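Structure assessment
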Amino acid sequence: MTTKVFRGRLWVPVGVLTSLAYLVHQRRVVLAEQRRTHGQHPVDRSLLELKMVQVVFRHGARSPLKSLPQKEQQVEWNPRLLEVPPQTQFDYIVTDLTGGPKPHSPLESQYRKTVLKGGMFAGQLTNVGMWQMFALGERLRKNYVEDVTFLSPTFNPQEVFVRSTNIYRNLESTRCLLAGFFRHPKEGPIIIHTDEASSEVLYPNFQNCCSLRERIRGRKQAASLQPGISEDLKKVKEGLGMASSEEVDFILLFDNMAAEQVHGLLSCPTLKRFTQMIEQRAVDTVLYMHSEDRENLQMMVGPFLHLLQSNLLSAVDPTFPAGKTRKLYLYSAHDVTLMPLLMALGIFDHKWPPFAVDLTLELYQHQESKEWFVQLYYHGEEQVPRGCPDRLCPLDQFLNTMSVYALNPEKYHMLCSRAQETGL
């Protein structure tokens, strides 16, 4: 199969990139294990005290964002999938970041204009997704309430800060997670904070970042024409009985396939036969669109990394007012948030982030040396971030990794406005 180099990335047969990424990641884990075994000064974990946790999670299973073009390839999305399990009920209200009224959500309005076969809207959280989020909440409860007495068993706004993108599936996913985590609020509804779409940082903001929008313009269509990707797309289209002129790419195929499979609604044997190929080529398409260079990652998740970084720095700053920090920060985000975050941290495994997956950052302090450490988990598994010697990473080294991509608001707006200034 023909290969081609694009900005240092080699487009090769499906499976090779995943294998290489996995081998590199596993090598880092093995080396960390060797350092742990043979190191001169291992950290006594019994002397570590958990100080803060930040959890970034993808929403639960949902309906597709857009249907496949041929009606015979579409499944029926029955509104019965929207029935709310009683266990996941949890009262909440939505405000902006300052406590004001809930902002308008143009993305949600757009989703509701797309009615799928069967009657559901595009991108709606289903009861399958609700149960996924409830299960994630239960796991977090076990980790931070039951196994370790870190948080109160009932929701305490002085301990927990909750933020979500202003999209209904994310707000409802957060509700279900909180129901599994805290069972019932202590006093009245809890507050989920959200931001205006124009300034949202919990996903790559193409509306707000001109330079990012300009960089990816046309790349999605061009990605489908790349050697390797184009041949595989032709195979899938033929299997689905689609004409070569049909406007379908691997992201659309994967979105429908993933949504159908998690609900047991597979529409076509072809999607099942090419499951691995479709997922990997969807990832390759995203990587082609956004590239893995520093500026693109900065524009995609730089402000969010800055937010996570600021929370860490506030927690370790003895002069920072204690009442303004939280023990737990919950961020309800998306697959397009997690992929660049994982890339920036050097732990992306070239697999599409599944529904209800979480990226968790734990901050510890050693009770004798007073040193600070970060422990990183993805999907419940320990990770070794880039630039870290071990799974338990000294805070300064972890901050160095984050600082490569983190952007404060001023630098973010400067980088995002570059397209207009240069006339791109």
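Now for a description of the structure that goes with this document. (Residues numbered from 1 in each chain as written. Predicted model: local features only at pLDDT ≥ 70, side-chain atom pairs only at ≥ 80, totals over all residues. Heavy atoms only, no water.)

This part is about empty space enclosed by the protein. For the structure on display, the rule yields three cavities of 30 Å³ or more. Its volume calculated, the largest cavity comes out at about 70 Å³. Lining the largest cavity are His104, Ser105, Pro106, Leu107, Thr165, Asn166, Ile167, Asp195, Ala197, Glu200 and Tyr203. Taken together, the residues of the lining of the largest cavity break down into five nonpolar, four polar and two charged. By volume, the second largest cavity is sized at about 50 Å³. When grouped by side-chain class, the residues that make up the lining of the second largest cavity number five nonpolar, four polar and two charged. (1 Å grid on protein atoms, 1.4 Å probe; cavity = no way out; pocket = protein on both sides within 12 Å on 5 of 7 lines; lining within 4 Å. Points joined across faces, edges and corners; volume = space filled by probe spheres on them. Nonpolar A, V, L, I, M, F, W, Y, C, P; charged D, E, K, R; others polar.)

Another aspect to go through is the side chain of Glu362. The residue Glu362 is located in strand β8 (residues 358-366) in this model. Here Glu362 occupies a buried position and makes no salt bridge, while the nearest side chain of opposite charge, Arg45, is found at 6.7 Å. If we ignore the near neighbours within four places in the chain, the residues touching Glu362 are Leu50, Met52, Val53, Tyr144, Phe373, Val374, Gln375 and Tyr377. (Helix = DSSP H or I, 4+ residues; strand = E, 2+ residues; numbered from the N terminus. Buried < 20%, exposed > 50% of the residue type's maximum accessible area, 1.4 Å probe, protein only. Lys, Arg positive; Asp, Glu negative; His and termini not counted. Salt bridge = Lys/Arg side-chain N within 4 Å of Asp/Glu carboxyl O. Contact = heavy atoms within 4.5 Å.)

A separate point is the nonpolar core. In this structure, Val56, Phe250, Leu253, Ile278, Leu359 and Phe398 are the most contacted members of the largest nonpolar core, which totals 71 residues. Of all the elements, helix α11 (residues 294-316) adds the most residues to this core, at eight residues. In this structure Leu359 touches Gln54, Val55, Val56, Leu338, Leu341, Leu342, Leu345, Ile347, Leu376, Tyr377 and Tyr378, once residues within four positions along its chain are discounted. Membership of the second largest hydrophobic core comes to 35 residues, among which are Val160, Ala179, Ile192 and Phe373. (Core = buried A, V, L, I, M, F, W, Y, C linked by side-chain atoms within 4.5 Å.)

Time to look at the layout of surface pockets. In this structure, the largest pocket encloses a volume near 1,700 Å³. Around the largest pocket, the lining comprises 50 residues; the ones closest to its centre are Leu65, Lys220, Ile251, Met289 and Val336. For the lining of the largest pocket, the secondary-structure elements that each account for two or more residues are α2 (106-111), α6 (219-223), α7 (229-240), α8 (250-262), α10 (275-290) and α12 (335-345). Residue contributions to the lining of the largest pocket peak at eight residues, all from α8. Residue composition of the lining of the largest pocket, grouped by class: 27 nonpolar, 11 polar and 12 charged.

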